Amino acid sequence: MDLLENMGAFVRVVERGSFSAAARELGMGQPAVSKQVRALEQYLGGPLFARSTRQLSLTDQGRRFYDQCREILAHVEA
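Some words on a nonpolar patch on the surface
On the surface, Met 1, Leu 3 and Tyr 43 cluster together into a nonpolar patch covering about 330 Å² of accessible area. Mapped onto the secondary structure, Leu 3 falls in helix α1 (residues 3-16).

Rendered as structure tokens:
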């Protein structure tokens, strides 16, 4: 698993509000982005999103992880 790449995909999903929008922006298929987020959830041992058929929202763990990811990715880009 490429942790930084998966973190980047997760951040895009959060910021775009959907897996499909993030996938389009990243030039990937939606299933590939979902797979990256699932890998992170397995790595962290819990769900990052509360999913329903109409809504995607962050769990408490997801919110904390999102803040950490943004900080880490900003440092990597700098």
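Quick word on the environment of Gly 45
Residue placement: Gly 45 occurs in the loop between α3 (30-44) and β1 (49-51). We classify Gly 45 as exposed; its relative accessible area is 66%. Placed 13 residues apart in sequence, Gly 45 and Leu 58 show a C-alpha to C-alpha distance of 15 Å.

A few points about the environment of Arg 70
Examined against the element boundaries, Arg 70 turns out to sit in helix α4 (residues 60-77). We classify Arg 70 as partly exposed; its relative accessible area is 45%. Sequence spacing of Arg 70 and Val 14 is 56 residues, and the spatial spacing of their C-alpha atoms is 11 Å. Ignoring sequence-local partners within four residues, the contact set of Arg 70 consists of Val 11 and Glu 15.

Focus on the pattern of salt bridges
Applying the stated criterion across every chain yields a total of five salt bridges. Where Arg 16 meets Glu 15, a salt bridge forms, and the shortest distance between an N and an O atom there is 4.0 Å. By relative accessible area, Arg 16 is classed as partly exposed at 37%. Among the salt bridges present, the one from Arg 16 reaches Glu 25, with a minimum N-O distance of 2.4 Å. Salt bridges here are not isolated pairs; linked through shared partners, they connect Arg 12, Glu 15, Arg 16, Glu 25 and Arg 70.

So, how was this worked out
In this convention, every chain numbers its residues from 1, walking through the sequence in written order. Local features in this predicted model are restricted to residues of pLDDT 70 or higher, and side-chain atom pairs are both shown and tallied only at a pLDDT of 80 or more, whereas totals for entire chains, interfaces and linings draw on every residue. The side-chain quantities take in all heavy atoms of the structure and omit both hydrogens and water. Candidates for patches are residues over 30% relative accessible area with no salt bridge; among them, like charges are joined within 9 Å and nonpolar side chains (Val, Leu, Ile, Met, Phe, Trp, Tyr) within 5 Å. Here, Shrake-Rupley sampling with a 1.4 Å probe gives the accessible areas, and only protein chains in the shown set may cover a residue. By definition, a salt bridge exists where a carboxyl oxygen of Asp or Glu is found within 4 Å of a side-chain nitrogen of Lys or Arg. Numbering of helices and strands runs from the N terminus; a helix is a DSSP stretch of H or I covering at least four residues, while a strand is a stretch of E covering at least two. Only protein chains enter the area calculation, which uses a 1.4 Å probe; residues under 20% of their type maximum are buried, those over 50% are exposed, and those in between are partly exposed. Should any heavy atoms of two residues lie within 4.5 Å, those residues are considered in contact.

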